[in-house]
Amino acid sequence: AQSVTQLGSHVSVSEGALVLLRCNYSSSVPPYLFWYVQYPNQGLQLLLKYTSAATLVKGINGFEAEFKKSETSFHLTKPSAHMSDAAEYFCAVSPAGFQKLVFGTGTRLLVSP
Amino acid sequence: GAGVSQSPSNKVTEKGKDVELRCDPISGHTALYWYRQSLGQGLEFLIYFQGNSAPDKSGLPSDRFSAERTGGSVSTLTIQRTQQEDSAVYLCASSHGQGNSGANVLTFGAGSRLTVL
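Every value quoted in this text rests on a predicted model; they were computed, and no experiment measured them.

Draft legend 1. How the structure looks around the interface of chain B and chain A. On the chain A side, the residues contacting the 24 residues of chain B number 18 residues. Between chain B and chain A, a total of about 1,600 Å² is buried, with carbon and sulfur atoms accounting for 53% of that surface. Three residues stand out in chain B for area buried against chain A, namely Leu43(B), Asn104(B) and Phe108(B), and they jointly supply 36% of the buried area on that side. Inspection of the chain B/chain A interface yields 0 salt bridges. Applying the counting criterion to the chain B and chain A interface returns 3 residue pairs in polar contact (both at pLDDT 80 or more). Counting residues per element, the ones that place at least two in the side of chain B that touches chain A are strand E4 (31–38), strand E5 (42–50) and strand E8 (88–95) of chain B. With 5 residues, E5(B) is the single largest residue contributor to the side of chain B that touches chain A. Its residues placed into classes, the side of chain B that touches chain A shows 11 nonpolar, 12 polar and 1 charged.

Put into structure tokens, the structure is as follows:
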């Protein structure tokens, strides 16, 4: 079975600071990994995905994530936070070749001026 | 359509009543998913349809929940004898079929917010 664990239900950063949102996965087969973002009062949208190509994946709005098999992690980072990054971020896993996505519980990113 | 359409956007019902939530996926997307989003619970998988295959119902929380997908397109999620703990946002998503480069990339609807009094 596949699962993801997101450490920290809330993360607070100052504008301009590094953003680090943690995600660890569990999968019995090679995984596909995803980050989705939900802005206030909006639906979820794909931020980036890992599907066994390059381990460092770049997404929209300056975000990137690195797949580390040895650590079973797929942490999301952004060098410099912007106020518009305030949102809820969800990590998700799917077994490679299949489509059922299992989501984590989400991390709410708060950005202060 | 251009996006995933869900209706109603908001539904308030009394405990014990049945409700139906509708999802119209993106045209051409063969996979359709239902998730439930509750405060502090993340996105809880409910059910997954892929083409003509038998649906994966492993996430349905009880036999009060059921879903169908007619003609490989529109889906209806039905909750019978609603309980207060059913209050949540029900999200529908669709994606391309397996083997497609867009597989696993879900496009979500805006959700149906259900409140059970």
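Draft legend 2. Quick peek at the packing of aromatic side chains. Applying the stated criterion to the full structure yields 13 aromatic pairs over all chains. With a centroid separation of 4.9 Å and an interplanar angle of 15°, the aromatic rings of Tyr33(B) and Tyr48(B) are classed as stacked. Taken together, the residues Tyr33(B) in strand E4 and Tyr48(B) in strand E5 connect sequence positions 15 residues apart. A residue is classified by how much of its surface remains accessible, and Tyr33(B), at 0% relative accessible area, is buried. Since its relative accessible area comes to 9%, Tyr48(B) is described here as buried. Within the aromatic cluster, the residues linked to one another by ring pairs are Phe34(A), Tyr36(A), Phe103(A), Tyr33(B), Tyr35(B), Phe45(B), Tyr48(B) and Phe108(B).

Rules of the game
Residues numbered from 1 in each chain as written. Chains lettered and ligands numbered in written order. Predicted model: local features only at pLDDT ≥ 70, side-chain atom pairs only at ≥ 80, totals over all residues. Heavy atoms only, no water. Contact = heavy atoms within 4.5 Å. Buried area = accessible area lost by both parts, 1.4 Å probe. Salt bridge = Lys/Arg side-chain N within 4 Å of Asp/Glu carboxyl O. Polar contact = N/O pair within 3.5 Å; in protein donor to acceptor, adjacent residues only side chain to side chain. Helix = DSSP H or I, 4+ residues; strand = E, 2+ residues; numbered from the N terminus. Nonpolar A, V, L, I, M, F, W, Y, C, P; charged D, E, K, R; others polar. Phe/Tyr/Trp six-rings, centres within 6.5 Å; stacked < 30°, edge-to-face > 60°. Buried < 20%, exposed > 50% of the residue type's maximum accessible area, 1.4 Å probe, protein only.

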